[in-house]
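For reference, the chains in residue letters:
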Amino acid sequence: MTEETLFTRIISGELPSDMLYKDDLVSAFRDIEPQRPTHILIVPNAPIPTMNEVSSEHEAALGRMMVVASQIAREQGIAEDGYRLIINCGDHGRQEVMHIHMHLLGGADTGPMITPQQGV
Ligand code: DGP
């Protein structure tokens, strides 16, 4: 049985979302706390908790996430100006939802890649 996560409940329709795309491997819906005018989450339908659990069996879903991100960026009209894709992992990556997801952020400048830190 597939383990339930917040995002599997969104994917199944049990929880409401602004769903933009769904196929046999991945789904995409708008982030509930958008950080830019366009902020979409692209997720594998079968949950992988974090990047630490990724293996070759996940190649198809992870590859599809990239293809869908590119497609949605074009559909949303943000491709030409550019955008940022982010996958957070674990504590240092500040991952909050333990079901791998790719953030697609755009519609405005996304700022510096990461906050500078002294003494790195
Ligand atoms: P991360 O920190 O990478 O785990 O990002 C989790 C994202 O999930 C965060 O940007 C907010 C979003 N999020 C949390 N709960 C919900 C929800 O119930 N619905 C939607 N659409 N997004 C959610």
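As the structure is a computational prediction, the values presented were derived from the model and not from experiment. (Residues numbered from 1 in each chain as written. Predicted model: local features only at pLDDT ≥ 70, side-chain atom pairs only at ≥ 80, totals over all residues. Heavy atoms only, no water.)

**Student:** Requested: an account of the side chain of His 103, with residues and values cited.
**Tutor:** Following the sequence through the fold, His 103 ends up in strand S5 (residues 102-106). Among the residues examined, His 103 registers a relative accessible area of 12% and is labelled buried. Within the structure, His 103 has its side chain in polar contact with the side chain of His 39 (distance 2.8 Å). Apart from the residues within four sequence positions on either side, His 103 is in contact with Asp 31, His 39, Ile 40, Leu 41, Arg 84, Leu 85, Ile 86 and Asn 88. (Helix = DSSP H or I, 4+ residues; strand = E, 2+ residues; numbered from the N terminus. Buried < 20%, exposed > 50% of the residue type's maximum accessible area, 1.4 Å probe, protein only. Polar contact = N/O pair within 3.5 Å; in protein donor to acceptor, adjacent residues only side chain to side chain. Contact = heavy atoms within 4.5 Å.)

**Student:** Could you give me a rundown of a nonpolar patch on the surface, with the residues and numbers involved?
**Tutor:** On the surface, a cluster of nonpolar side chains totalling about 250 Å² of accessible area is made up of Met 66, Tyr 83 and Leu 85. Take Tyr 83: it is sitting in strand S4 (residues 83-86). (Patch = residues over 30% accessible without salt bridge, like charges linked within 9 Å, V, L, I, M, F, W, Y side chains within 5 Å. Areas by Shrake-Rupley, 256 points an atom, 1.4 Å probe, with all protein chains shown as cover. Salt bridge = Lys/Arg side-chain N within 4 Å of Asp/Glu carboxyl O.)

**Student:** Could you give an account of the environment of Gln 118, naming the residues involved and the relevant values?
**Tutor:** Checked against the element boundaries, Gln 118 lands in the segment after S5. Note on Gln 118: relative accessible area 79%, which makes it exposed. Sequence separation between Gln 118 and His 99 is 19 residues, and the spatial gap between their C-alpha atoms is 31 Å.

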